[in-house]
Every structure is written in structure tokens, then in C-alpha cells.
Amino acid sequence: MRRPSPLSFLQEHLGSCRVRVQGVTQGTGFFVAPGHVVTCAHVAGAQPGTRLPVFWEDTEFEGIVLTASAPPKGRELWPYPDLAVVRLLDAPSGHPCVWLDTVPPSRDAGLTAIGFSDVYEPGSASERSAALVRGGTTKLPGGSMQELVGGEVNKGLSGGPVLNHESGGVCAIVKATRLRNTSMGGLGTPVSALRLLDADVYRNLIRAHDAFHGQDDRWSRLSDRVIGHDAGGADEGLDTALNSTEERQLLALISQLPEDPVDEPLSGTSSHLAAFFAAAVEGALPPAPYPLLDHRDVFTELAAQMLPEDGGLPYELAFAADLARRGATAGPAWQGPVQQLRDRVLITAGRLGLGDTMQRRLAERPGPEVQPSIIGRIRHSMRDRRLYHVMVWRYRSASDIRPAAPESDALPLDQAVKHLAELLPAQIEIMGGATSPGLIELILPVEALDEGFADLELWPQLPWFSLGRKQRVVVRPLERHEAPSLHAAWAERWQQLDGKAVGDMVVCVCGRGDQHQAALDASFDNDPALGALALAGTPQSPPVSDAYQVAVASGVPMMMWRRGSPACERADGGSCGAPGRRACPGNGFFTELCASLDDARRDDLPERIRRLRVDAEKPPKREGHLGGDIVLLWDDPRRQIPRSPLAPAQEGRSR
């Protein structure tokens, strides 16, 4: 005798989570956490505090609307996300709850929507399930909807859950039909849109959801069989990614941890955004349009990214480890959950063969205090390298990096420079104001290094203010930041400069004579202490440009030159050999630089250069003063930003 498929058992369990909601309209809802129902706002009503009957297994319970989307202003479609959370005042004990799946199903994935229908018996709602397929995506003001196609989505399904057959989780809430009494389907609101409702209600709901599934395995036992049945007995990527059981275990433990305070309600909490970047340091822009309101949101958004290319810790596991490490300083009441989370991340990392990596992450301690900065980046468009994208971050630490604005459209270089300049004043004000010298780090392609950022006058009401005299402006090479293979030598040379006088370390490089690229590369390979260069001309002028390319590839973190200057010509007619200290009689810039910065240390250099720019304006002004056109490349490898957005996971990746 043939047994029903695992999916049919899960569909039956899904039906046991269904409730009928009798609000401003008749519709469906479903249990997400003990005593808590999710439905549509156009079913329950938009006014928090509204009482309404909710029916589960033919028994009536009184519910109260905790939060709901605002109503429409007219007769148009209820605004996005059209969701509501209802709490039952005397909830039945032992009722089941669905598992929420935030990863969108892939195109053509099988779906099941459940609710009610009175088609065959008008006025009497009967249970109904609809076999559907994921179609495309429909954009509405405020967010995107999943298209549910291939079957009838009748009015009574509104507010009902949509089960994703690939993941075994509820991925959406039925919102609307496309055309009544046809098989043209309808629209579903992604479950992530719950984060657009009241933040406190959402956090309480989602934490209760995760805690419930940490104790009650009815759903997980069925959904794991569905995933195993479809995938041949194992989750996709089992050897390199967390499986669904591990994710549920971690989320259950995370739900018990103390919450961080909210101070940026429009974009999520600053701590959550910082944690997101800390765990996915290689990339990932903060998710939109849904804010990060809870630890769970960070975890699930990281889990939806591609796995690290270097085979390191999955981003969501790294985040869980960070929570365990931070939780070590929490109060005594939290020590039990924190220790359990620590144990769980170690077990999970061990299964992945990443036990040592996890031990190192858990053992990390806060480093020395770092200088905050504003980091601006101009990078080539991937489609047309003649165009450029601009982005700006506020950097407070490696775990607190906040985008100031979305990355710009592709622009010509002059417009990109102008756009970057327009973004800086507001960020400088946030970081302390124009008269409080701060660090401005500009990550630039070689063709933009001499754009004269230090001379920018960004405050029209104060035309005597220039950026380079009020702020510590440094440049950094884009090429190195986009090539991870170059980072090892970069970090070593930076360390070699620590605590040493620049005057003792700096050497002159011009690219002439025996300083051709192969010879320079050999010199850098043999001497990791070569970390501070005085370029005898701009990096855009041959043959200095050739030397600059080798220096960037060799990890040289500090260079100085005169903006726009041609390559130096030896006045005595001699040839230039390998880089040497104080060994270039033809380069006046090098001689003056050594005299002015003889005792400066690595970390002091941005401020010393700023003072030189100020000195260049003091009377009596001297033509050719060192501070008038000096450019400082100061590239701290510890100060990383997201290189580029992480590639999103393919829709429907089974978790």
C-alpha cells in the first residue's frame, strides 16, 4: 500500500494552523506563535485594539488587533504590506504554529495556499487549499509581491499562509486575487514584510515564533522530510552550509538573548546594521525595504547570501558567534542562553570542518580604539569602465560601518567627483562638523587620484574653508581594494611601519633607470619594510605610473607625491637605481618631505599632512610650498568596507 507523500502530511499540518477571521471582512489567518495570528489588514481591520472573533477548529476565540497596516485613503487596493497581527485573549493550549521562511521561492516552485471558500455553499465558509506555482514579481508602492499562478485564489483565501514546497516553510500571505472565479491566481505578501509593522509587536512575535519551534518539533519533523524527499535525503549544500535543523536550533537560542536598543527606526537598529556588516565584511548592502529589527533579521538576511568564496564561516554562523562573544558580558540572567549558543556554534562549525576558525572568532577581543572616518569610493561601472559609481560610508569601527546613501548611478568621472563632493558636507556634520578635524578616506581609481579633493570648498558660506585644511584627507587605491589576493603583503608592510618615524622609512621611487617594473617588484619582494614611498611625480605620469602599479600590487600602504607634477628629471644626469633612503639628489620633493616629516609616525601622518596644507596658506605664502599640492596615500588594511554587494542567493534556495 502506497503511503501519502511527506508533502501531504505537511500540508495537513499547515491546515491545523489555519484560523478563520471575522473582521471587517471574512478571511483567513494562521498561528505564527502561541496565541498570535497573522492575517491581512483588510481582513482584520487597521485599528489596533479592535476586538474580533477568530475561529479555530470550529471554536470561537476573542482576538485583539495588536498592529496592522494603515487603510487606503479611498477605494483602491489596501496599501503595502496589508498585514495585521492579532492576539487571542484566551488562546487554546497546544495549538501548532507555522514556520516562517524568508527566502523567496524560485520561479515555478510548487506552492500551497490555504483558507476558506463559500463557492459551493454561499454564506458558509468551508476549508480550501489551492495548488499554485510561483510566477514572477509585482512591484507595488512600498514593496514587492509574489505572483501566485496556476490556480484560483478566491476571496476567502485572503490572509492565509502560502507554503513553499521547496523549503517546507510559509513564504507569503495571500493578499489578493487577480480575477475572481478564474485560475489566473493572485498576489502574496512576503513574510519579511512583517518587519514593516510595529517594531515592538514584530520582535515579540518573531521571538515567540523561534522559541516555540525550539521546543515543538512537529513542523520541523515534517518539513525536514519534505526537504529530504525532494533533495534525495539531504539539504542542498549540506557540507558547506547550515542545514534547516541547525538554523532552527540557532534561532531558538538567539530568541532568548537580550535585545539591542533601537535608535534608527527607519533603517533598523544601528547595532543590527553594524552586526550585519561585521559578519559579511566582504560585501552586502543592508537589505531593503525591510529594516533590521531583531537579531533574527540579521541572521536570515545573511543566510540568504551566497556562501563565502574563501570557504570560511557562513555569514549567519559568524553572526551567531559574534552574539555569543558579545553576550559573555551580559548579566547573569543571560549566561545560560549565551553558553548554549556558544556550544551550538562550535558544534555546527565542527560539522562544517571549521572548528578552528570558529574558535578564533569566538576568541576575538576588541582591538585598540580606531579613528572614525568618512570613506568615499569611486569605482568603475561593470558595464562601461568609462563610467563610475559613487558611494559613501561613515566608519566608526570594523563592526559599525553605515552607508550614507545608496550607490549612485553610473556617471562620467567629472560628475562622479562632483557627486562625491556633494555628499561629504552632510556626513562631515554628522561626524563632528567642519571645524573638528576628522579623517576623510577616498578610495579612488588611479585616474582620479589627482582630482584635487583637498582644495574643494564645500561650505559656500565659508569660502576660505577648504576640505584639506579642515579635514585629514587621504586617498586609497581602488585597485587593491578590489583584489583580495593583494592583501597579505599589504597587511605585513603596514605592520612594519608601526611606531617608526616616516623619515627613517620613506624612499624615493621614480620608475626611471633601473627602477623598471621587474626590478622594483624584486626590491619589494626582498624588503617587507619598504612601506613608505615618495613618488617623484604623479602616479598618472610615466614612468612613475609604472612604479605606482608595482607599489600597489606589492602592498605599499603609504605614498606621497605632488599633485599633477611630471616625473622628476635627474639634474646631474645620473641614473636611478633601486629604491633607497635619502639617495636621490634630483628630487627636491623627496628632500623637503624628509625634512618636514622626519619624526612623524605612521598614524600621525594624516594630521601632519593637514597641518602642512594649513602652513602653505600662512603668510608669507611661498610658491611651491610642500603643503600646497601634496597628496597622501594612506591605506590602512584594517579599515575595510564592503567591496561590492554579495550576490543574492538564487531564489528558492532550500534552507
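These remarks concern the structure in this document. (Residues numbered from 1 in each chain as written. Predicted model: local features only at pLDDT ≥ 70, side-chain atom pairs only at ≥ 80, totals over all residues. Heavy atoms only, no water.)

Considering the sheet that holds strand 12 (residues 186–190)
Backbone-to-backbone hydrogen bonds pair the strands of a sheet. The strands run either parallel or antiparallel. Strands sit in the order 7-8-9-12-11-10 around a closed barrel of 6 strands; the barrel is antiparallel. Strand-to-strand, the axes of this sheet are offset by a mean angle of 45°, without reference to chain direction. Of the pairings in the sheet, the one linking strand 7 (residues 110–117) to strand 10 (residues 161–164) comprises 3 bridges and is antiparallel in character. Paired with A113 across the bridge in strand 10 is V162. In the packing of helix 1 (residues 6–16) onto the sheet, the strands contacted are strand 7, strand 10 and strand 11 (169–177), and the crossing angle to strand 10 comes to about 160°. (Pairing = 2+ DSSP bridges. Helix = DSSP H or I, 4+ residues; strand = E, 2+ residues; numbered from the N terminus. Axes fitted to C-alpha atoms, helices over the stretch in contact; angles between N-to-C directions. Contact = heavy atoms within 4.5 Å.)

Focus on unusual backbone geometry
With the exception of glycine, most residues fall at negative phi, and the peptide bonds are largely trans. The amide bond that connects Y80 to the next residue, P81, takes the cis arrangement and shows omega of 5°. For P81, the position within the fold is in the loop between strand 5 (59–68) and strand 6 (84–88). In this structure, P543 follows P542 across a cis peptide bond, with omega equal to -5°. Inspection of the secondary structure assignment puts P543 in the loop between strand 19 (532–535) and helix 17 (544–553). Of note in the backbone geometry, D108 takes a positive phi value of approximately 75° without being a glycine. Structurally, D108 is set in the loop between strand 6 and strand 7.

Focus on the pairing of strand 12
Across the 5 residues that make up strand 12, a large majority, 5, are buried. Note: strand 9 (residues 143–149) against strand 12, 3 bridges, orientation antiparallel. The partner of Q146 across the bridge, within strand 12, is G188. With 5 bridges connecting them, strand 11 and strand 12 associate as antiparallel partners. (Buried < 20%, exposed > 50% of the residue type's maximum accessible area, 1.4 Å probe, protein only.)

A closer look at the environment of D514
Inspection of the secondary structure puts D514 in the loop between strand 18 (507–509) and helix 16 (517–526). Note: C-alpha distance between D514 and C576 (62 residues apart in sequence) is 6.0 Å. Setting aside residues no more than four positions away along its own chain, D514 makes contact with A519, C576 and G577.

Here's the deal with the side chain of S144
You can see S144 is positioned in strand 9. Classification of S144 by relative accessible area gives buried; the value is 18%. Apart from the residues within four sequence positions on either side, S144 is in contact with Y80, T137, T138, K139, P190 and Y290.

A word on the pairing of strand 6
The buried count for strand 6 comes to 4 of 5 residues, which makes it a mostly enclosed element. As paired strands, strand 3 (residues 36–39) and strand 6 are joined by 4 bridges and run antiparallel to one another. Across the sheet, residue T39 finds its bridge partner in strand 6, namely A84. Relative to strand 6, strand 5 is paired through 5 bridges, and the arrangement is antiparallel. When the bridges of strand 6 are listed, I64 appears paired with R87.

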